[in-house]
Amino acid sequence: MIYADNAATTQMGEAAINAMTACMRDTWGNPSSLYGLGQRAKEALEDARERIATCIGASPKEITFTSGGSEADNQAIRSAALLGARRGKRHIISTAFEHHAILHTLKRLEDEGFEVELLPVGPLGTVTAHQVAEAIREDTALVTIMYANNEIGSILPVSEIGAVCRERRVIFHTDAVQAAGHLPIDVRAQNIDLLSLSAHKFHGPKGIGVLYARQGVPLTSLIEGGAQERGKRAGTENVSAVAGMAAALEESCAHMAENAAKVSVLRDRLIAGLSQIPHSALNGDPVNRLPGNVNFCFEGIEGESLLLLLDDRGICASSGSACTSGSLDPSHVLLAIGRPHEVAHGSLRLSLCEENTEADVDAILKAVPEIVAYLRNMSPLWKDKVSGKKEFVL
Amino acid sequence: MIYADNAATTQMGEAAINAMTACMRDTWGNPSSLYGLGQRAKEALEDARERIATCIGASPKEITFTSGGSEADNQAIRSAALLGARRGKRHIISTAFEHHAILHTLKRLEDEGFEVELLPVGPLGTVTAHQVAEAIREDTALVTIMYANNEIGSILPVSEIGAVCRERRVIFHTDAVQAAGHLPIDVRAQNIDLLSLSAHKFHGPKGIGVLYARQGVPLTSLIEGGAQERGKRAGTENVSAVAGMAAALEESCAHMAENAAKVSVLRDRLIAGLSQIPHSALNGDPVNRLPGNVNFCFEGIEGESLLLLLDDRGICASSGSACTSGSLDPSHVLLAIGRPHEVAHGSLRLSLCEENTEADVDAILKAVPEIVAYLRNMSPLWKDKVSGKKEFVL
Amino acid sequence: MALYSETVMDHFRNPRNVGVIEDADGVGEVGNALCGDIMKIYLKIEDGIVSDVKFETFGCGSAIASSSMATELIKGKPLSEALQLTNQAVTKALDGLPAHKLHCSVLAEEAIRAAVKDYYDRQGIAYDPKDFPDCGSCEGCHG
Amino acid sequence: MALYSETVMDHFRNPRNVGVIEDADGVGEVGNALCGDIMKIYLKIEDGIVSDVKFETFGCGSAIASSSMATELIKGKPLSEALQLTNQAVTKALDGLPAHKLHCSVLAEEAIRAAVKDYYDRQGIAYDPKDFPDCGSCEGCHG
Ligand SMILES: Cc1ncc(COP(=O)(O)O)c(C=O)c1O
Ligand SMILES: Cc1ncc(COP(=O)(O)O)c(C=O)c1O
């Protein structure tokens, strides 16, 4: 099997699995309990908090554990919105290609009377700090802009955006789910007030994430109940998952540069190879790009068929189209960078990690062109283009 | 070590740990991915859903996975409240001794204009279906009453309450976090519309739970984002934890009767033994009581000191007082059953499971009276009572 | 519990009747690129019988499988039977489709109708227009 | 990262000066059962020196440890020094207390003051009442 869908989820590392099982076997007490077993669980929790804080340049008190990236995103936005509303600020700036955990939460806030401004992301899929500066108003409560896009891999200028927000005294949240463990994060230097991450994107367990909130930025709890996480997130702490996350994040951060170097070579070979396919186009920023992300549109075919045939050859990949998730709409990300519906339906995302090899790239570069040709050969749309009845888009 | 705090959390069973690690090693794909690895993860998820549904008499479609009992409680209440509000119903019935995941959510709803009626639970800590029937009004949106109390162990008449609610067409939610795996649950027969449970209370993993919602009772998502869990709960599914939960719940349900029989014998020995301590009192219903729950108040001493000294003897127990959670208030549960503050501070909860032994009971019955005597001997409050300066309460 | 039934996967992997009939007696095309599904059906009619049928499809796995199955179901059948092919019959023959993929079978049904209509038009055979709703009825395109 | 420092646990497990001085020169009791903490301090004063001190405490681990440490800190000291004992000094000597347990050290400070005040009252020694705030100042009781 060639796994090339690391943006969807990653295989857990042995260190993370072992940290979890050790915790499940030996440190299974409730961290709120005062006897030794509970206090050891609390120690494991706080130790993990400290190590995770270190990885992103935060202090441990600024780390709140959540059930994943989605919860962290929801809570970050809700907290900032509430804070803004208390001061009469109801304007929120974001981008058109955020993850749905952001966009759907913003939609709900709109229903509640907030004004949401989604910045256009241009053909490369990015926004500039200048765009943000222009958009900030007196009543701006929050700027929420992702660190790196999960579909097309573009890396956004969060440091510059952070500087603008700090200068204008607007809270800045970044969804760093695709960045954490892969790109350097230093919340202080980057002037980030709120940040979300999710462990399963860097070889950690699913169902656990972090919401970093700079000291002084109060969080509203999304889940009410006990006083866990200093009253910011109720529910018995998922100690073993937290321990697994810390192990995974440390490992990823320790090898970040070498992994990025290795993976981006593979990525660039893939991009070069797939670019040979006629009427294809790379999606996203060719330069400011996640080391492992490759995303293409192929004219005249539909993404799901391509994925299924890749699966038959043992290649795990995904498509921008949310085909499997019950929606028939093409990816909002591809539409946001200006791809027409028709082409947006024919996308392929390959996301690599350090476990991928040159042989994987070879196999993918053999499979994709063959399958694209095969599918085009049965595509009436493609035939119409070849015959000149319809125009090529790419 | 004698672990007697199974109401706080439980030790994971080997079956659950193995189900989790197997999943983390082999079925780690994203269930939303359409290639084989993802579909196998989806199969694991749906298989667990089916098995869990079977354990509580539900159908799989009625099972939504959450990050634990607290989230399930929050979402259940929020969903029912929203549904009620749409129909102009803003009255909610609950009890005075629910878990904080319930009470704090209700408090927030009060701030949002709902009217919350907390039924008194009497000296035994229970409510009757008659009380509920009396309280239901035309504009009642929800009745939320726990299946069994986490501190004092009383089992509430949920079947009768469910019947009343069904007859009056009011949504009935029960927080079954302490009941699941320990007491029989049949959501259909018991007329339960919404039910919460949490895996770590029945030897499953932390950070995973279930919100059951009867078909026809729409859920509002608390966490927005992707279309996971049929749009009711966003976030990449925690497949391994779900698998661990299913294994644990099946195991608990398979041995429910024998475990209950075994554990309640130990419990009754503890209750009989601790009742020998002068000026002590059992809290909760002596008959309708969780098989493993023992809860006592000892006059003249404070709970935390007792717990610390028990810990020194290797006995893990907890106190009604939320001492460690940063609050100085005594347990709202003990206050709700009419214990005065003074006595509520001196409580001890022992919660047993099938792993506990007669020897554990012997050790506890040796330790507790000695420690209580020791602490009373340095307690000015106790001295005042003995000397007649102050009155005994118990 | 896989995404698709084995039958769907078989027809997707080994689609029957893919291709073009250069001298077709009727050709129908439904769907559009916006929706991500286009199906084109070519019919050869002899003595009121579907003597040959081919298809071309731009679309997802179930669209390709639906086209393949639908063509199999009408091949060699009288035109009247071909016209009665319902999307339910296609779905059933495929051992089911996921709920959000049912529109693919609808598309297959409609593509065949469109091809038959084209045949009628070319032959000057009269028909009731309301038997031939246009692609607008495809739920897939409403989003 | 344990709940309490080792010093707290030591003073909790092996509290110094537990007990009663039957012929005490001053006795102070602060806190109340409602709050879950009562501390009672017995002083024996000789030549302006705390020649003996005992305590009784109803309360949590840190309340017992605070009483123990506070009595150790004033034993053998001039009364004037005993009066200057602050809750910070107690906390520091205990190698710290969790934030929500700081009130226990306040209680210890206040119990000693109350005992000294009682001694002054018995001896007819004049003092400034505002040096002796009553228990109402204990944050622990505000909840
Ligand atoms: C009755 C009850 N409800 C809810 C909860 C919350 O469950 P969790 O901590 O798994 O969120 C608990 C336990 O903590 C409980 O005992
Ligand atoms: C950019 C981004 N944000 C948020 C999420 C949500 O994370 P999770 O699924 O862990 O809740 C994801 C991944 O699913 C993501 O890629």
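Residues numbered from 1 in each chain as written. Chains lettered and ligands numbered in written order. Predicted model: local features only at pLDDT ≥ 70, side-chain atom pairs only at ≥ 80, totals over all residues. Heavy atoms only, no water.

1. Digging into the overall build of chain A
The helix and strand inventory of chain A stands at 13 helices and 12 strands. A globule of 394 residues ought to have a C-alpha radius of gyration of about 21 Å, and chain A, at 22 Å, matches this closely. Dimensions of chain A along its principal axes, counting C-alpha atoms only, are 75 × 50 × 35 Å. Split into buried and exposed, the 394 residues of chain A put 64% on the buried side. Nonlocal contacts in chain A, meaning residues at least 24 apart in sequence, comprise 72% of its contacts between residues at least 6 apart. (Helix = DSSP H or I, 4+ residues; strand = E, 2+ residues; numbered from the N terminus. Rg over C-alpha atoms; globule rule 2.2 N^0.38 Å. Buried < 20%, exposed > 50% of the residue type's maximum accessible area, 1.4 Å probe, protein only. Contact = heavy atoms within 4.5 Å.)

2. Some words on the sheet that holds strand β1 (residues 26-32) of chain C
All names here are of chain C. Taken together, 3 strands build an open sheet; the order of strands is β1-β2-β3 and the sheet is antiparallel. The open sheet is flanked by β1 and β3 (49-58), the only strands paired with a single partner. With strand direction ignored, the average angle separating the axes of adjacent strands in the sheet is 15°. Where strand β2 (residues 37-46) meets β3, 9 bridges bridge the pair, whose relative direction is antiparallel. Within β3, the residue paired with I38 across the bridge is F58. (Pairing = 2+ DSSP bridges. Axes fitted to C-alpha atoms, helices over the stretch in contact; angles between N-to-C directions.)

3. A closer look at the relation of the copies chain B and chain A
Superposing chain B onto chain A takes a rotation of 180° plus a shift of 0.0 Å along the axis, which leaves an RMSD of 0.0 Å. Such values leave the two copies arranged in the relation of a two-fold axis. Among all residues of chain B, the one whose C-alpha sits closest to the rotation axis is S67 of chain B, at a distance of 3.0 Å. Both copies share a contact surface, since 100% of the interface residues of chain B are interface residues in chain A too. (Least-squares fit on C-alpha atoms with pLDDT ≥ 70 in both.)

4. What about the site of ligand 1?
By nearness alone, 14 residues border ligand 1, and T236 of chain A together with S70, D175, S198 and K201 of chain B come closest of all. Around ligand 1, the nearby residues trace back to chains A and B. The separation between an oxygen atom of ligand 1 and a polar side-chain atom of S198 of chain B is 2.5 Å. Protein contacts shield 95% of the accessible area of ligand 1, which totals 390 Å² for the unbound molecule. Looking at the shell around ligand 1, the element that brings in the most residues is helix α3 (residues 69-86) of chain B, giving 3 residues. Its residues assigned to classes, the shell around ligand 1 shows 2 nonpolar, 9 polar and 3 charged. (Near = heavy atom within 4 Å. Polar contact = N/O pair within 3.5 Å; in protein donor to acceptor, adjacent residues only side chain to side chain. Areas by Shrake-Rupley, 256 points an atom, 1.4 Å probe, with all protein chains shown as cover. Nonpolar A, V, L, I, M, F, W, Y, C, P; charged D, E, K, R; others polar.)

5. Here's the deal with helix α4 (residues 100-111) of chain B
Residues and elements named next belong to chain B. Under the 1.5 Å per step criterion, the end-to-end length of α4 is 16 Å for 12 residues, consistent within 8% with the ideal 16 Å. What α4 keeps buried is the set A101, I102, L103, T105, L106 and L109. Check the buried side of α4 and you find it contacts α3, β3 (91-95), β4 (115-119), β5 (140-144), β6 (171-175) and α10 (332-336). Two residues or fewer after α4 comes G113, characterised by a positive phi angle close to 105°. (Expected span 1.5 Å × (residues − 1).)

6. Things to note about the arrangement of the chains
Looking across the 5 pairs of chains in contact, one finds the most contacts between chains A and B. If you take every C-alpha in chain C and every C-alpha in chain D, the smallest gap between them is 47 Å, and the two do not touch.

7. Quick look at the site of ligand 2
By nearness alone, 14 residues border ligand 2, and S70, D175, S198 and K201 of chain A together with T236 of chain B come closest of all. Surrounding ligand 2 are residues belonging to chains A and B, so the site spans chains. Between ligand 2 and D175 of chain A, the relevant distance is 2.6 Å, taken from a nitrogen atom to a side-chain nitrogen or oxygen of the residue. Burial of ligand 2 by the surrounding chains reaches 95%, relative to a free accessible area of 390 Å². Ranked by residue count, the leading element in the shell around ligand 2 is helix α3 (residues 69-86) of chain A, at 3 residues. Per-class residue counts for the shell around ligand 2 are 2 nonpolar, 9 polar and 3 charged.

8. What about the domain arrangement of chain A?
Residue and element names in this part refer to chain A. Per the domain assignment, the segments of chain A are domain 1 (14-254) and domain 2 (256-387). Each of domain 1 and domain 2 has a C-alpha centre, and these two points are 29 Å apart. If you look at the interface, domain 1 gives 27 residues, while domain 2 gives 23 residues. Buried surface at the junction of domain 1 and domain 2, both sides included, amounts to about 2,000 Å², of which 59% is carbon and sulfur. Its largest share of buried area at the contact with domain 2, domain 1 owes to L124, E151 and I152, together 33% of the area lost on that side. Here domain 1 and domain 2 share 0 salt bridges between them. Of all the elements, helix α7 (residues 239-254) adds the most residues to the side of domain 1 that touches domain 2, at 3 residues. Per-class residue counts for the side of domain 1 that touches domain 2 are 13 nonpolar, 12 polar and 2 charged. (Domains from an automatic or database assignment. Buried area = accessible area lost by both parts, 1.4 Å probe. Salt bridge = Lys/Arg side-chain N within 4 Å of Asp/Glu carboxyl O.)

9. Here we look at the nonpolar core
Grouped together as the largest cluster of nonpolar side chains are 136 residues, with contacts concentrated most on I56 and V143 of chain A together with I56 and V143 of chain B. Contact partners of I56 of chain B, with chain neighbours within four places excluded, come to I63, I185, D186, V187, L195, L197 and Y212 of chain B. By size, the runner-up hydrophobic cluster in this structure holds 69 residues, among which are I371 of chain A together with V30, M39 and Y119 of chain C. (Core = buried A, V, L, I, M, F, W, Y, C linked by side-chain atoms within 4.5 Å.)

10. Some words on the packing of aromatic side chains
Residues and elements named next belong to chain A. Taken as a whole and assessed by the stated rule, the structure comprises 16 aromatic pairs over all chains. Taking 5.5 Å as the distance between ring centres and 65° as the angle between the ring planes, the aromatic pair formed by W382 and F392 counts as edge-to-face. Residue W382 is located in helix α13 (residues 380-386), and its partner F392 is located in the segment after α13; the two are separated by 10 residues in the primary sequence. The exposure class of W382 is buried, given its relative accessible area of 14%. (Phe/Tyr/Trp six-rings, centres within 6.5 Å; stacked < 30°, edge-to-face > 60°.)

11. Re the pattern of salt bridges
Following the criterion strictly, the structure yields 72 salt bridges over all chains and no others. K101 of chain D is paired through a salt bridge with E304 of chain B; the nearest N and O atoms lie 2.8 Å apart. Placement of K101 of chain D in the loop between α4 (87-93) and α5 (102-123) and of E304 of chain B in helix α9 (residues 303-312) is noted, with the two residues assigned to different chains. Its relative accessible area of 1% is what places K101 of chain D among the buried residues. Residue classification places E304 of chain B among the buried positions, given a relative accessible area of 1%. Ionic contacts of the salt-bridge type, sharing partners, join the residues K42, E46, R49 and E229 of chain A into one network.

12. Considering the interface of chain B and chain A
In this assembly, 59 residues from chain B lie in contact with 59 residues from chain A. Both faces considered, chain B and chain A share a buried interface measuring about 4,800 Å² in area, 60% of it formed by carbon and sulfur atoms. Taken together, chain B and chain A are joined by 4 salt bridges. R108 of chain A is the salt-bridge partner of E224 of chain B, the closest N and O atoms lying 2.1 Å from each other. Across the chain B-chain A interface, the total number found is 23 residue pairs in polar contact (both at pLDDT 80 or more). Breaking the side of chain B that touches chain A down by element, the ones donating at least two residues are α1 (14-26), α2 (36-56), α3, α4 and α9 of chain B.

13. A short note on helix α12 (residues 358-377) of chain B
Residue and element names in this part refer to chain B. Between its first and last C-alpha, α12 extends 29 Å over 20 residues, near the 28 Å set by a 1.5 Å rise per residue. Burial in α12 covers these residues: D360, V361, I364, A367, V368, I371, V372, L375 and R376. Buried residues of α12, seen end-on, are gathered within an arc of 145° and therefore sit on one face of the element. In this structure, α12 carries K366 and N377 as exposed residues pointing more than 90 degrees from its buried face. (Arc of directions from axis to C-beta.)

14. Some thoughts on unusual backbone geometry
Of note, R169 of chain A is a non-glycine position whose phi angle comes to about 60°, a positive value. If you trace the backbone, R169 of chain A turns up in the loop between α6 (158-168) and β6 (171-175). A relative accessible area of 74% means that R169 of chain A is categorised as exposed. Look at N17 of chain C: it is not a glycine, yet its phi comes out positive at around 65°. Within the secondary structure, N17 of chain C is located in the loop between α1 (6-13) and β1.

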